[in-house]
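Topology and contacts: notes
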Amino acid sequence: MTSHESPAGERERVVEFWTRQHGKEDLGTHDNFLVHPLVQGYLSLRALGNLISMQDALVFQLRERTRPGARIFSPGCGRADKELLLAAALPDREIVAMDITPGILALARAEAERRGLANVSFFEGDFNRLALEPRSFDVVVGLGSIHHVEALE
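Our focus in this paragraph is the packing of aromatic side chains. According to the stated counting rule, one finds two aromatic pairs in the structure shown. Both rings, one in F73 and one in F123, keep their centres 6.1 Å apart while their planes meet at 15°; by these two values the pair is stacked. With F73 in strand β1 (residues 71–75) and F123 in strand β3 (residues 120–124), this pair connects stretches of sequence that are 50 residues apart. Taking the relative accessible area as the measure of exposure, F123 reaches 29% and is therefore partly exposed. Relative to F137, the ring of F73 lies with its centre 4.9 Å away and its plane at 25°, an arrangement referred to as stacked. Pair noted here: F73 is in strand β1 and F137 is in the loop between β3 and β4 (139–140), with a separation of 64 residues, a long-range link. When its relative accessible area of 1% is taken as the criterion, F73 is described as buried. Here a set of aromatic residues connected by ring pairs shows up, and it is made of F73, F123 and F137.

Written as structure tokens, this is what we have:
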């Protein structure tokens, strides 16, 4: 934030940027080297020791570490591609996703409805100004946005 920019002005700038990024037809994959299959394979081998996808590994870990009925929170979901995958793979868990961009959240809600996923919900919020009730979620997952959190603790 520049010294003359208000917090409201900063929020508008952030919303506009992420709305533009996540609103692209290719979902922003053209400028994300992490989605390349060779990079995914390398990351899987280094992080997991085999070629299981990161998303499959996440589903496995969440299934192992949570019980049916668990509430899973994902801040900074964007179009919620990963959260929708989790909702489909873990239909007995509740996925709660948050993002700062109302227009992109509308796209995520529409996609969840199109897929018939009733165990995922979305709300607008800024994870840098977030207050959650203690123990309101069983797990918080960082699916691509945690590095944007100003005060992670």
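The next thing to look at is the sheet that holds β4. The strand order across the open sheet formed by four strands is β3-β2-β1-β4, and the pairing between neighbours is parallel. Since the sheet does not close on itself, it has two edges, and those belong to β3 and β4, each with one partner. Taken together, the five bridges between strand β2 (residues 94–99) and β3 define a ladder with parallel strand orientation. By the bridge assignment, V96 is partnered in β3 with S121. This element, helix α4 (residues 81–89), spans β1, β2 and β3 of the sheet and lies at about 170° to β2. Relative to the sheet, helix α5 (residues 102–115) contacts β2 and β3, its axis offset from that of β3 by approximately 170°.

Our next topic: the packing of helix α3 (residues 54–65) against α4. At a minimum axis separation of 11 Å, α3 and α4 run at an interaxial angle of 50°. Comparing the axis directions of α3 and α4 gives the class oblique. Viewed along their axes, α3 and α4 form a crossing whose handedness is right-handed. Residues Q55, L58, V59, L62 and R63 of α3 pack against K82, L85, L86 and A89 of α4. For the contact of α3 with α4, the class distribution of residues is six nonpolar, one polar and two charged.

The rules behind the values
- Residues numbered from 1 in each chain as written.
- Predicted model: local features only at pLDDT ≥ 70, side-chain atom pairs only at ≥ 80, totals over all residues.
- Heavy atoms only, no water.
- Phe/Tyr/Trp six-rings, centres within 6.5 Å; stacked < 30°, edge-to-face > 60°.
- Helix = DSSP H or I, 4+ residues; strand = E, 2+ residues; numbered from the N terminus.
- Buried < 20%, exposed > 50% of the residue type's maximum accessible area, 1.4 Å probe, protein only.
- Pairing = 2+ DSSP bridges.
- Contact = heavy atoms within 4.5 Å.
- Axes fitted to C-alpha atoms, helices over the stretch in contact; angles between N-to-C directions.
- Parallel < 35°, antiparallel > 145°, perpendicular 65-115°, else oblique.
- Left-handed = near helix turned anticlockwise from the far one by under 90°.
- Nonpolar A, V, L, I, M, F, W, Y, C, P; charged D, E, K, R; others polar.

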